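Spelled out from the first residue to the last, the chains are:
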Amino acid sequence: MVSYQNPLSHQLRDGGMLLKEWQTALATTGRLLVSFRKWYYNAAGFNKIGLMRDDTIHEDSDVKEALRRLPEKVYNDRMFRLKRALDLSMKQAVLPKEQRTQYEEDIHYLEPYLKEVIRERKEVEEWSKK
């Protein structure tokens, strides 16, 4: 069996000048990825009608349970955004740029609850198999 060895590993280990170039390349790639994410976020269009990313998740049984567990204020804010988006959609209008959801402001408010619901469901499935 032949083991794989990264051809750059000895240069990185020995502190060659490639290490600095590697770090610079990673930083550049990170900035490029963030720029692409922002572009895609704006191109998706849901922010133009005031929605957040978690507002657009398809509601299956796990998502419905996660929504049920949301704090009341977070749930009411979500309902306001959905109703406003529906109204804007019916009027074929979008929000002014200063009122649109920005990439930096979009928090994933549903994600922790959804992960917990999925973890619990999988745990129950595991217990029912035994």
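Just above, that's the structure.
Reading guide: rules and limits
- What you see as residue numbers is a count from 1 along each chain, following the sequence as written.
- Only residues with pLDDT of 70 or above have their local features reported here, since the model is predicted, and side-chain atom pairs are shown and tallied only from 80 upward, although totals for entire chains, interfaces and linings are computed over all residues.
- Calculation of side-chain values draws on the structure's entire complement of heavy atoms; hydrogens and water are dropped beforehand.
- By definition, any uninterrupted DSSP run of H or I lasting at least four residues is a helix, any uninterrupted run of E lasting at least two residues is a strand, and each is numbered from the N terminus.
- Relative accessibility decides the category of a residue: with a 1.4 Å probe and only protein chains considered, values under 20% of the type maximum give buried, values over 50% give exposed, and everything between is partly exposed.
- Ring geometry is summarised as follows: Phe, Tyr and Trp rings, the Trp one being its six-membered ring, pair when their centres sit within 6.5 Å, and such pairs are stacked at plane angles under 30 degrees, edge-to-face over 60 and tilted between the two.

A.B. asks: Looking at this structure, I do not really get unusual backbone geometry. What am I missing?
C.D. replies: Note: most residues except glycine have negative phi, and most peptide bonds are trans. Its identity is not glycine, yet Gln92 carries a phi of approximately 50 degrees, on the positive side. Among the secondary structure elements, Gln92 is positioned in the loop between α4 (72-90) and α5 (111-129). Under the relative-accessibility criterion, Gln92 is labelled exposed at 76%.

A.B. asks: Where do I start with the packing of aromatic side chains in this structure?
C.D. replies: Pairs of aromatic rings are described using the distance from one ring centre to the other and the angle between the two planes. One pass over the structure, following the stated rule, counts four aromatic pairs. Centroid distance Tyr41 to Tyr103: 5.6 Å. Interplanar angle 80 degrees. Geometry classified as edge-to-face. One end of the pair, Tyr41, is in helix α2 (residues 18-44); the other, Tyr103, is in the loop between α4 and α5, with 62 residues separating them in the sequence. With a relative accessible area of 27%, Tyr103 lands in the partly exposed category. One aromatic cluster is present, built from ring pairs that chain together Phe36, Trp39 and Tyr40.

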